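If you want the building blocks of each chain, they are given just below.
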Amino acid sequence: SSSSGDEALRDKRARILSRGLPKQKPIEGVKQVVVVASGKGGVGKSTTAVNIALALAANDSTKEVGLLDADIYGPSIPKMMNLKGNPELTPKNLMRPLKNYGIACMSMGFLIEETAPVVWRGLMVMSAVEKLLRQVDWGKLDYLVIDMPPGTGDVQLSVSQNIPIAGAVIVSTPQDVALLDAHKGAEMFRKVHVPVLGLVQNMSVFQCPKCKHETHIFGADGVRDLAKTLGLDILGDVPLHVNIRETCDLGQPVVISQPQSDA
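Residues numbered from 1 in each chain as written. Predicted model: local features only at pLDDT ≥ 70, side-chain atom pairs only at ≥ 80, totals over all residues. Heavy atoms only, no water.

1. Some remarks on the sheet that holds strand β4 (residues 103-107)
What counts is decided by this rule: Any two strands with at least two DSSP-identified bridges between them are counted as paired. Labels follow the DSSP assignment, with helices taken as runs of H or I lasting at least four residues and strands as runs of E lasting at least two, numbered in each case from the N terminus. To obtain each axis, a line is fitted to C-alpha atoms, and for helices this fit is confined to the stretch in contact; angles are then taken between N-to-C directions over 0 to 180 degrees. Pairs of residues are marked as contacts when any of their non-hydrogen atoms sit within 4.5 Å.
One open sheet holds the eight strands; their spatial order is β3-β4-β2-β5-β1-β6-β7-β10, and the pairing between them is mixed. The sheet is open, and its two edges are formed by β3 (98-100) and β10 (234-237), each paired on a single side. Taking the axes of each pair of neighbouring strands and ignoring which way they run, one obtains an average angle of 25 degrees across the sheet. Sheet topology places strand β7 (residues 196-201) next to β10; three bridges connect them, and they run parallel. Within β10, the residue paired with Leu199 across the bridge is Ile234. Across the sheet, helix α6 (residues 176-191) is in contact with β1 (30-37), β6 (167-172) and β7; its angle to β6 comes to roughly 170 degrees.

2. What to know about unusual backbone geometry
Although it is not a glycine, Asn82 adopts a positive phi angle of roughly 55 degrees. You can see Asn82 is positioned in the loop between α3 (77-80) and β3. At Met203, a residue that is not glycine, the phi angle is positive and equals roughly 55 degrees. With respect to the secondary-structure elements, Met203 resides in the loop between β7 and β8 (206-207).

3. Here's the deal with the side chain of Thr90
Defined as follows: Burial classes follow relative accessibility: with a 1.4 Å probe on protein chains only, a residue under 20% of its type's maximum area counts as buried, one over 50% as exposed, and anything between as partly exposed.
Counting through the fold element by element, Thr90 comes out in the loop between α3 and β3. Under the relative-accessibility criterion, Thr90 is labelled buried at 8%. When neighbours within four sequence positions are excluded, Thr90 is seen to be in contact with Arg96 and Asp137.

4. Topic: the pattern of salt bridges
Put simply, the test is: One side-chain nitrogen of Lys or Arg within 4 Å of one carboxyl oxygen of Asp or Glu is enough to make a salt bridge.
Applying the stated criterion to the full structure yields nine salt bridges. Across the pair Asp147 and Lys45 runs a salt bridge, and its minimum N-O distance is 2.8 Å. Separated by 102 residues along the polypeptide, Asp147 in strand β5 (residues 141-147) and Lys45 in helix α2 (residues 45-59) bring together distant segments of the chain. Judged by its relative accessible area of 0%, Asp147 falls in the buried class. Given the relative accessible area of 6%, Lys45 is considered buried. Note that Asp221 is salt-bridged to Arg224, the shortest N-O span being 3.6 Å. When salt bridges with common partners are traced through the structure, they connect Lys40, Asp181 and Lys184 into a single cluster.

Here is the structure:
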């Protein structure tokens, strides 16, 4: 029948396409990988990734958590986690992550000068990502949170296709231009069969510290509407709050420095 012929053709096509994809190989010692991504830069993705990693550790002290900064061009984890220096090497020539607040961290920022620009072509970036994924001695981790670069390019695809990922968290502001790219990001993960755990609406509302008047600077409920369209959950609704920004800039993220605050 024509339907069975179509099915055979689809199977054959899937087999041919899968030959070109790298085989997924887990990171040694890591149980679950969660990626934090955004379609657009400047939406607070790294801030969210840092605070998610710290929150996972704070919620269950028996869990070991790691944080990998996969943003090669703009690594921000060293500053946010108050870490400096070069990783030591193990006898097997693997890099040892730097640690603060109980979180094992690895970033391109530990391997280059703080103010040095990374002026690299795609192949060099992919080689660096491969090293950060495979040449790090993570020990035993329950969770590895990966802070992805913005967009839907080579790094996102390579990470998604090389390692098994438990789920992706998409961060966006409620602004229309950010939502367009967040939608693309969610669709990309679905295409490469990575479960999207849900969306985080960041910088959702600004409250004046003096008069307490609330202003939706980037629009209201845009991420909620996108979540309905995509059939996804809203995992968090984070206000635009000076404490969240200041604590990360100081290397003392809000989850660790102000755990009882509303933020």
